[in-house]
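Letter by letter, the chains look like this.
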Amino acid sequence: MLTAELTDVSYKKTEHYDEATTAKLIENYRTAIEQLGEDPEREGLIKTPERVAKAMQYMTQGYDMDAKAILNSAKFQESYSEMVIVKDIELYSMCEHHMLPFFGKAHIAYIPNGYITGLSKLARVVDCFSRRMQVQERLTHQILDAIQETLNPLGVAVVIEAKHLCMMMRGVQKQNSITTTSAFSGQFEKNETRSEFLRLISADLH
Ligand SMILES: [Zn+2]
C-alpha cells in the first residue's frame, strides 16, 4: 500500500495565452462589461477585459494538454501490485453551465498491473481535465478513463469533492454544500476493495 499526499503540488502561475484569441476576447469582454451597465473606460476597468481574456485562457488550458501523454511520460514497469492512493489533489475547474468556478479535492487510487506512473502525473491529469469547461461527473470519469486506458491497472478509483460557486453565489445559495462524485473500475467494483479505499480517504472526506 502506498499513500501519498500531494498538498504541496501548488499551481504554477505561468502565462498561457494566444495573442489573436486574446485580442478577440478583449473586445467581447469590453462589450459584456458595457452590457452589464459598467463603464469599460473607467480606470479600474480599463485593463479588465485583457486580464479576463488571459485568465480564461489559463483556466481552459486543459484543452491543449494530453492526459495519456502525461501518464505515458512517466510509465514504468513495476511488479508492485498493492493499492496506490494519492489523496487531496487540489482541483480548480469551471462549471460549463454558468462559467463559474468549482473547486475542491480529488482522491485517486489504482492497483498496478505491471505498470506504475509518477505520482505527480496523477495530479497533472487532474489539471488536464479540470482546466476546461466541465461538469463534475464528467471530470471524474475522464480522470478514471485516462488512467485505466494508459496503465491498464487492475482497477481505478476516483472521488472528487467540490464546492460550486454557481450554487453558492446564486440560485439556491447553499453555501456549505459539497458535491461528491465517484467512479470505480475493475477491482474497485468489488465492495471489499472499494470500502478499503473509502476508509483510507475517509479522514479527508467531509
Ligand atoms: Zn453551474
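This structure is a prediction, so every number in the text was calculated from the model and none was measured.

*Asks:* Mind showing me how you'd approach helix H5 (residues 136-151) here?
*Replies:* In an α-helix, one full turn covers 3.6 residues, which means residues spaced three or four apart are oriented alike. Across its 16 residues, H5 extends 23 Å between first and last C-alpha, which sits within 8% of the 22 Å expected from 1.5 Å per residue. Among all positions of H5, only Gln 136, Leu 139, Thr 140, Ile 143, Leu 144, Ala 146, Ile 147, Thr 150 and Leu 151 are buried. All buried residues of H5 lie within an arc of 160° about the axis, which places them on one face of the element.

*Asks:* Would you take a moment to explain the environment of Thr 60 for this structure?
*Replies:* Structurally, the position occupied by Thr 60 is in the loop between helix H2 (48-59) and helix H3 (67-72). Placed 73 residues apart in sequence, Thr 60 and Met 133 show a C-alpha to C-alpha distance of 6.9 Å. The residues contacting Thr 60, other than those within four sequence positions of it, are Met 94, Arg 131 and Arg 132.

*Asks:* How do you make sense of the packing of helix H4 (residues 119-130) against H5 when you look at a structure like this?
*Replies:* Helix-helix packing: each pair is described by the crossing angle between the helix axes and the interaxial distance. For the pair H4 and H5, the least separation of the axes is 10 Å and the interaxial angle reads 135°. Overall, the two elements H4 and H5 adopt an arrangement that is oblique. Along this stretch, H4 crosses H5, giving a crossing that reads as right-handed. Contacts from Leu 122, Val 125, Val 126, Phe 129 and Ser 130 of H4 reach H5 at Leu 139, Gln 142, Ile 143, Ala 146 and Ile 147. The class makeup of the residues in the contact of H4 with H5 is eight nonpolar, two polar and no charged.

*Asks:* Any chance you could explain the nonpolar core here in plain terms?
*Replies:* Side chains that are nonpolar tend, in soluble globular proteins, to be buried together. By size, the foremost hydrophobic cluster in this structure holds 32 residues, and its most contacted members are Ile 108, Tyr 110, Val 125, Phe 129, Ile 143, Ile 147 and Ile 160. Counting 10 residues, the second-largest nonpolar core is a separate cluster that includes Ile 85, Val 159, Phe 184 and Phe 188.

*Asks:* Please clarify how H4 should be interpreted in this entry.
*Replies:* With 12 residues, H4 extends 17 Å from end C-alpha to end C-alpha; this agrees with the ideal 16 Å at 1.5 Å per step. With nine of its 12 residues buried, H4 lies for the most part within the structure. Of the positions making up H4, those classed as buried are Lys 121, Leu 122, Ala 123, Val 125, Val 126, Asp 127, Cys 128, Phe 129 and Ser 130. Tucked into the core, H4 has its buried residues touching H3, strand E3 (84-95), strand E4 (101-111), strand E5 (115-117), strand E6 (133-134) and H5.

*Asks:* Looking at this structure, how should I read unusual backbone geometry?
*Replies:* Peptide bonds are trans in most cases, and residues, glycine excluded, mostly fall at negative phi. Backbone geometry places Asp 88, a non-glycine residue, at a positive phi of 55°. On the secondary structure map, Asp 88 appears in strand E3. Even without a glycine there, the phi angle at Asn 152 is positive, about 45°. Here Asn 152 lies in the loop between H5 and strand E7 (155-164).

*Asks:* Quick question: what am I supposed to make of the pairing of E3 here?
*Replies:* Each regular strand displays side chains that alternate between the two surfaces of the sheet. Within E3, 10 of the 12 residues are buried, which leaves it mostly tucked inside the rest of the structure. In the sheet, E3 pairs with E4 via nine bridges, with the strands oriented antiparallel. In the strand pairing of E4, Ile 85 is matched with Ala 109. Bridge count between E3 and E6: two bridges; the pairing is parallel. Bridging from a neighbouring strand, Met 94 pairs with Met 133 of E6.

Conventions and cut-offs
Residues numbered from 1 in each chain as written. Predicted model: local features only at pLDDT ≥ 70, side-chain atom pairs only at ≥ 80, totals over all residues. Heavy atoms only, no water. Helix = DSSP H or I, 4+ residues; strand = E, 2+ residues; numbered from the N terminus. Expected span 1.5 Å × (residues − 1). Buried < 20%, exposed > 50% of the residue type's maximum accessible area, 1.4 Å probe, protein only. Arc of directions from axis to C-beta. Contact = heavy atoms within 4.5 Å. Axes fitted to C-alpha atoms, helices over the stretch in contact; angles between N-to-C directions. Parallel < 35°, antiparallel > 145°, perpendicular 65-115°, else oblique. Left-handed = near helix turned anticlockwise from the far one by under 90°. Nonpolar A, V, L, I, M, F, W, Y, C, P; charged D, E, K, R; others polar. Core = buried A, V, L, I, M, F, W, Y, C linked by side-chain atoms within 4.5 Å. Pairing = 2+ DSSP bridges.

What is shown is where atoms sit, not what they do.
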